[in-house]
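In case you want the letters, here they are:
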Amino acid sequence: MTVDTSLTLEQPVAFYPLTFVPEGEEVVVGRPGTDSYAVLPADGAEVLQRMTRGATPTSVVAWYEASYGQRLDIDDFMASMAELGFLREAGEEPAAAIEPVRLQGLARALFSPFAFVIYALAVGAYVVVALRHPAVAPHPDHVFFTESILLVELLIVFGQLPWLGLHEGAHVLAGRRLGLPSQLGFGTRLYFVVFETRMPSLLSVPRRQRYLAFVAGMLLDVLAISGLGLLGYALRDSTGAWHAVGTVALAMAFPICTRLAYQFLLFLQTDVYYIVATALGCYDLHAATRTLVANRIWRVLQRPGRVRALDAWTERDLRVARWYAPFFAVGVFVILAVGVLALLPVMSGVVRMTADGLAQGVSSTRFWDAAVFIAITVAQISFFAYLTLRDRRGRTRLSPASL
């Protein structure tokens, strides 16, 4: 979008609805419903607010010079606002009023003080039970609740989909509690296909209100682990179908524990990363850190042409990024620990059961059990590859060079 500012300096400029959120000496300005935000100094935010209220650029320039003793480069300022998508095109109708989001009442009830008391009691009860009866505490052996490798895979992969959806659904509801149009989507992380929550207007609310939106998924995970563990404990002495229900409940709890541990892989921009970045007052700490590290590598390799400029990030992002980079190592430690304590035992058990099944011969049901397991695994890997390629093509189409 381009704007000929020379034709509009003497008349008001049409803006989309914008939000202004003060944060210390800066103001986060954003266009609701999009990912377009800018961090402006207080004087820059005041300039923008005056124009959104109907002041002409010429009058704002005069006010700025009288207030600060400096001349405002209004052409550059207007060009930046156009690049951010804050300006309406000539002849474009004003945006319709934003409609209330659905399920906001339910979200407020689920995240009310009374609800948190219930959650705390449930988690506390499970902790007490797990300490007194270690057999119901999460353990890799719980995953192998049957001799069928196919049923084990169905539980680990497809049986986890509802819990993955509920994790992201908790993020969505936490966002809708604030009136944000949050939505669910699909993506990939490491070698997993995952649900993703999109909250394009999150920076339009004060920082202290964002934390619940970030922590809601982990809260759901803890509640799921606790509820499944209590169910397994309650049915531990039962027989028949009820005993099977309790066994499956414990089997489903362990993968949730593994995913919860992965939230501490900060280099993947997990829930914990967003909590840390928000608490540190940063807006794009991940990208700033990666760029600083990459620039340092390119300088060591004597490739100055690959070094990127740092003007896309705030001073605070860059200042924090300089000492934050080593904390990425925490993610490496976590992924190694989870691999040794959780994934390696599960994978070795899966390989053993698959090999045993194939060794039975085509006349055995265990052979076909293992064969179907392999087919589903290949299909899952293919789906992951498809999503990865789709996302890569999307990023290519939306790269700055293509706009």
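> So what about the packing of aromatic side chains? Which residues, and what values?
In the structure shown here, the tally under the stated rule is 7 aromatic pairs. Their ring planes at 40° and their centres at 6.4 Å tell us that Phe-111 and Phe-116 sit as a pair that is tilted. Residue classification places Phe-111 among the buried residues on the basis of a relative accessible area of 10%. Seen from their ring centres, Tyr-273 and Tyr-274 are 5.0 Å apart, and the 70° between their planes marks the pair as edge-to-face.

> Explain the nonpolar core to me, using residue names and the numbers behind them.
Leu-228 and Leu-285 are the most contacted members of the largest nonpolar core, which has 29 residues in total. Sorting the residues of this core by element identifies helix H5 (113-132), helix H8 (211-234), helix H9 (240-262), helix H10 (271-279), helix H11 (285-300) and helix H12 (315-324) as the ones contributing at least two each. For this core, the element with the highest residue contribution is H9, accounting for 7 residues. For Leu-228, the contacting residues outside a window of four places in its chain are Trp-163, Ala-249, Leu-250, Met-252, Ala-253 and Ile-256. Formed by 23 residues, the second largest nonpolar core is a distinct cluster that contains Val-27, Ala-45, Val-47 and Leu-72.

> Pulling in residues and values, what's your account of the pairing of strand S2 (residues 26-30)?
Most of S2 is tucked away, with 4 of its 5 residues classed as buried. Connecting strand S1 (residues 19-23) to the antiparallel partner S2 that follows it, the hairpin turn spans 2 residues, and Gly-24 within it adopts a positive phi of roughly 70°. With 5 bridges connecting them, S2 and strand S3 (residues 37-41) associate as antiparallel partners. Paired with Val-29 across the two strands is Ala-38, which belongs to S3. The hairpin formed by S2 and S3 contains 6 residues between the paired strands, and Gly-33 there has a positive phi angle of roughly 85°.

> Help me get a handle on the pattern of salt bridges, residues and values and all.
Counted under the stated rule, the structure contains 6 salt bridges. The partner of Glu-23 in a salt bridge is Arg-207, with the nearest N and O atoms 3.2 Å apart. Note that Glu-23 is positioned in strand S1 and Arg-207 in the loop between strand S5 (192-198) and H8, a separation of 184 residues in sequence. For Glu-23, a relative accessible area of 8% corresponds to the buried category. Connected through salt bridges with shared partners, the residues Glu-23, Arg-207 and Arg-210 form a single ionic network.

> Let's hear about the environment of Pro-138: which residues, and what values?
One can find Pro-138 in the loop between H5 and helix H6 (149-158). Judged by its relative accessible area of 35%, Pro-138 is partly exposed. A sequence separation of 91 residues divides Pro-138 from Gly-229, and the C-alpha atoms of the two residues are 8.0 Å apart. What Pro-138 contacts, discounting residues up to four positions off in sequence, is Tyr-126, Ile-225, Phe-254 and Cys-257.

> Break down helix H2 (residues 57-68) for me, citing the residues and quoting the values.
The terminal C-alpha atoms of H2 lie 16 Å apart, and with 12 residues this matches the ideal 16 Å at 1.5 Å per residue to within 8%. When H2 is considered as a whole, its buried residues turn out to be Pro-57, Val-60, Val-61, Trp-63 and Tyr-64. Taken end-on, H2 shows its buried residues confined to a sector of 165°, consistent with a single buried face. In this structure, the buried residues of H2 make contact with helix H1 (42-52) and helix H3 (74-83). At the C-terminal side of H2, Gly-69 shows a positive phi close to 70°.

> How would you summarise the pairing of S1 if you had to cite specific residues and measurements?
In S1, alternate side chains face the same way, and those of Thr-19, Val-21 and Glu-23 are buried while those of Phe-20 and Pro-22 on the opposite face are not. Here S1 pairs with S2 via 5 bridges, running antiparallel. Bridging from a neighbouring strand, Glu-23 pairs with Glu-26 of S2.

> I'd like to hear about H10, residue by residue, with values.
Residues Asp-271, Val-272, Tyr-273, Ala-277 and Thr-278 constitute the buried set of H10. On the buried face of H10, the contacting elements are helix H7 (161-177), H8, H11 and H12. Positive phi appears at Gly-281, one or two residues downstream of H10, with a value of about 75°.

> Report on the side chain of Arg-259, specifying residues and quantitative values.
Its location among the elements puts Arg-259 in helix H9. Once residues within four sequence positions are removed from consideration, Arg-259 is found in contact with Gln-160, Trp-163, Leu-164 and Asp-221.

> Tell me what's going on with a positive patch on the surface, and back it up with residues and numbers.
Taken together, Arg-296, Arg-299, Arg-316, Arg-319 and Arg-322 make up a surface patch of like positive charges. Among the elements of the structure, H11 and H12 are those that each provide at least two residues to the positive patch. In terms of residue count, H12 provides more of the positive patch than any other element does, 3 residues in total. Secondary-structure assignment places Arg-322 in helix H12.

> Please give an account of the environment of Pro-255 that cites residues and values.
Structurally, Pro-255 is set in helix H9. Placed 112 residues apart in sequence, Pro-255 and Val-143 show a C-alpha to C-alpha distance of 8.1 Å.

> A description of a nonpolar patch on the surface should follow, citing residues and the corresponding values.
Among the surface-exposed residues, Phe-114, Val-117, Ile-118 and Leu-121 lie close enough to one another that they form a single nonpolar patch of about 430 Å² accessible area. Owing to a relative accessible area of 42%, Ile-118 belongs among the partly exposed residues under this scheme.

> Got a sec to walk through unusual backbone geometry? Specific residues and values, please.
Keep in mind that most residues, glycine aside, have a negative phi and that most peptide bonds are trans. Its identity is not glycine, yet Leu-103 carries a phi of approximately 65°, on the positive side. By the secondary structure assignment, Leu-103 is in the loop between H3 and helix H4 (104-110). Residue class for Leu-103 comes out partly exposed when judged on its relative accessible area of 46%.

Conventions adopted
- Residues numbered from 1 in each chain as written.
- Predicted model: local features only at pLDDT ≥ 70, side-chain atom pairs only at ≥ 80, totals over all residues.
- Heavy atoms only, no water.
- Phe/Tyr/Trp six-rings, centres within 6.5 Å; stacked < 30°, edge-to-face > 60°.
- Buried < 20%, exposed > 50% of the residue type's maximum accessible area, 1.4 Å probe, protein only.
- Core = buried A, V, L, I, M, F, W, Y, C linked by side-chain atoms within 4.5 Å.
- Helix = DSSP H or I, 4+ residues; strand = E, 2+ residues; numbered from the N terminus.
- Contact = heavy atoms within 4.5 Å.
- Pairing = 2+ DSSP bridges.
- Salt bridge = Lys/Arg side-chain N within 4 Å of Asp/Glu carboxyl O.
- Expected span 1.5 Å × (residues − 1).
- Arc of directions from axis to C-beta.
- Patch = residues over 30% accessible without salt bridge, like charges linked within 9 Å, V, L, I, M, F, W, Y side chains within 5 Å.
- Areas by Shrake-Rupley, 256 points an atom, 1.4 Å probe, with all protein chains shown as cover.
- Lys, Arg positive; Asp, Glu negative; His and termini not counted.
- Charge placed at Lys NZ, Arg CZ, Asp CG, Glu CD.

Geometry only, nothing functional implied.
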